[in-house]
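# Fold and contact review
The lines below spell out each chain.
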Amino acid sequence: MRTEKHFTPGLLERFRREGRGTGTYSEYTPWHRVSRGDPSSKGRSHLIVWMNRQRELLSDQEWGGLNFAGLVPGLVDLAEQFPISQDSASHDLSRWQIGCGLTQFPGTLEIAGNLGIKHPALKDGDETHVWTSSTDLLLVIRTQRGGLGLLAVSCKPSSALTKRAKELLRLEKTYWNLRGVEWLLITPEQYEKSVGLTLRRSSPWGFDEPAEISEIQLACRVVRSAPWHAFSDIVQHLTDLLGGATHRHQAQRALWQSIWRGLLPVDLRRGWRPHHPLSLISQEEFVSLNPILARRSACT
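Notes on the structure in this doc start here. (Residues numbered from 1 in each chain as written. Predicted model: local features only at pLDDT ≥ 70, side-chain atom pairs only at ≥ 80, totals over all residues. Heavy atoms only, no water.)

Time to look at the pairing of strand β2 (residues 53-57). Most of β2 sits inside the fold, with 4 of its 5 residues counted as buried. As defined by bridge partners, strand β1 (residues 46-50) adjoins β2 across 5 bridges and the pair is classed as antiparallel. Directly across from Trp50, in β2, lies its bridge partner Arg53. Hairpin connection from β1 to β2: 2 residues lie between these consecutive antiparallel strands, with Met51 at a positive phi of about 50°. (Buried < 20%, exposed > 50% of the residue type's maximum accessible area, 1.4 Å probe, protein only. Helix = DSSP H or I, 4+ residues; strand = E, 2+ residues; numbered from the N terminus. Pairing = 2+ DSSP bridges.)

So this is what it looks like as structure tokens:
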């Protein structure tokens, strides 16, 4: 029988030796992992393969956050369970973009002191060890000027938070704001449940290998030429155009990736039943359905 694992100073030291929280792109390793060697999370864990790396998510809320992030234009990287620095350090963007590491920014220890907040710590008998805080999702986005920018996202199961939870979120938010990075708190209150379910059901195609540009263009033409047609009819028509029954997965992938890329602003509040239509909405309404795209955040 397995014994329940707990966080200890020795375990956190192992995280550091393993290079947890370091790297970029396919070489990034999350600070907290979905692993038999890690203490279990309170939520239901998920492993999602996307952009040449397995994403390690500790809850349904983080999975939902990843799905919403998958629709963000210009997203070039995403780091989950991203550790934020305890001490003064260069800008976190310096990992991805040269020239951002010249200025030092305050760490969580200094920020907590300035805010009058007790810094999170780990008790080990009579000793106290500083805890490393982390951000659920850190998005790296290509800006309109061609550079890179960051967007930090925390995903929680409810907006009803304890006083201590609010303090820790305030610490995290201040850390990012001092670096000029926008921070969002996403809870189920920030989006419609039906939208989250639609993205969850379509994520196998949204996170699949990129479809060919010609397939994406074909999917867009088919949907726009047949507004309000049933989802099943559109998929069947695309399948036939792509070469028949063996190309059904390609058809599904091209269709959903067209939607996830924002090329087809479909109403994501639709039900799961195949006979329900795919209805197009305005780009503004499509953006409003996604709290990350709309930069919609819960209050702390």
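Attention now moves to unusual backbone geometry. You will see that Asn52, though not glycine, has its phi angle at about 65°, which is positive. Backbone geometry places Arg295, a non-glycine residue, at a positive phi of 55°. Here Arg295 shows up in the segment after α9 (283-288). Accessibility expressed as a relative area gives 35% for Arg295, which makes it partly exposed.

Since one α-helical turn is 3.6 residues long, residues separated by three or four positions face the same way. Where helix α1 (residues 9-17) is concerned, the buried positions are Leu11, Leu12 and Phe15. Down the axis of α1, the smallest arc covering the buried residues is 100°, so these residues share one side. Those residues of α1 that are buried are in contact with β6 (121-124). Downstream of α1 by one or two residues, Gly19 has phi in the positive range, about 75°. (Arc of directions from axis to C-beta. Contact = heavy atoms within 4.5 Å.)

Here we take up the sheet that holds strand β8 (residues 134-142). If you walk across this open sheet you meet the 4 strands as β3-β8-β9-β10, and the pairing is mixed. Sheet topology places β3 (75-83) and β10 (182-186) at the edges, where each strand pairs with a single neighbour. Each strand axis lies, on average, 25° off the axis of its neighbour in the sheet, ignoring direction. One ladder, built from 7 bridges, connects β3 with β8; its direction is antiparallel. Its bridge partner being in β8, Glu80 is matched across the sheet by Leu137. Together, β3, β8 and β9 (148-155) form the strand contacts of helix α2 (residues 60-69), whose direction differs from that of β8 by roughly 5°. Across the sheet, helix α4 (residues 163-177) lies against β3, β8, β9 and β10, angled at about 150° from β10, the strand it touches most. (Axes fitted to C-alpha atoms, helices over the stretch in contact; angles between N-to-C directions.)

In this section: the pattern of salt bridges. With the rule as written, the count across this model stands at 16 salt bridges. Here Asp38 makes a salt bridge to Arg20, at a shortest N to O gap of 2.9 Å. With Asp38 in the loop between α1 and β1 and Arg20 in the loop between α1 and β1, this pair connects stretches of sequence that are 18 residues apart. Using a relative accessible area of 6% as the deciding quantity, one classes Asp38 as buried. Exposure remark for Arg20: the relative accessible area of 6% places this residue in the buried category. A network of salt bridges, in which partner residues are shared, links Arg14, Glu18, Arg20 and Asp38. (Salt bridge = Lys/Arg side-chain N within 4 Å of Asp/Glu carboxyl O.)

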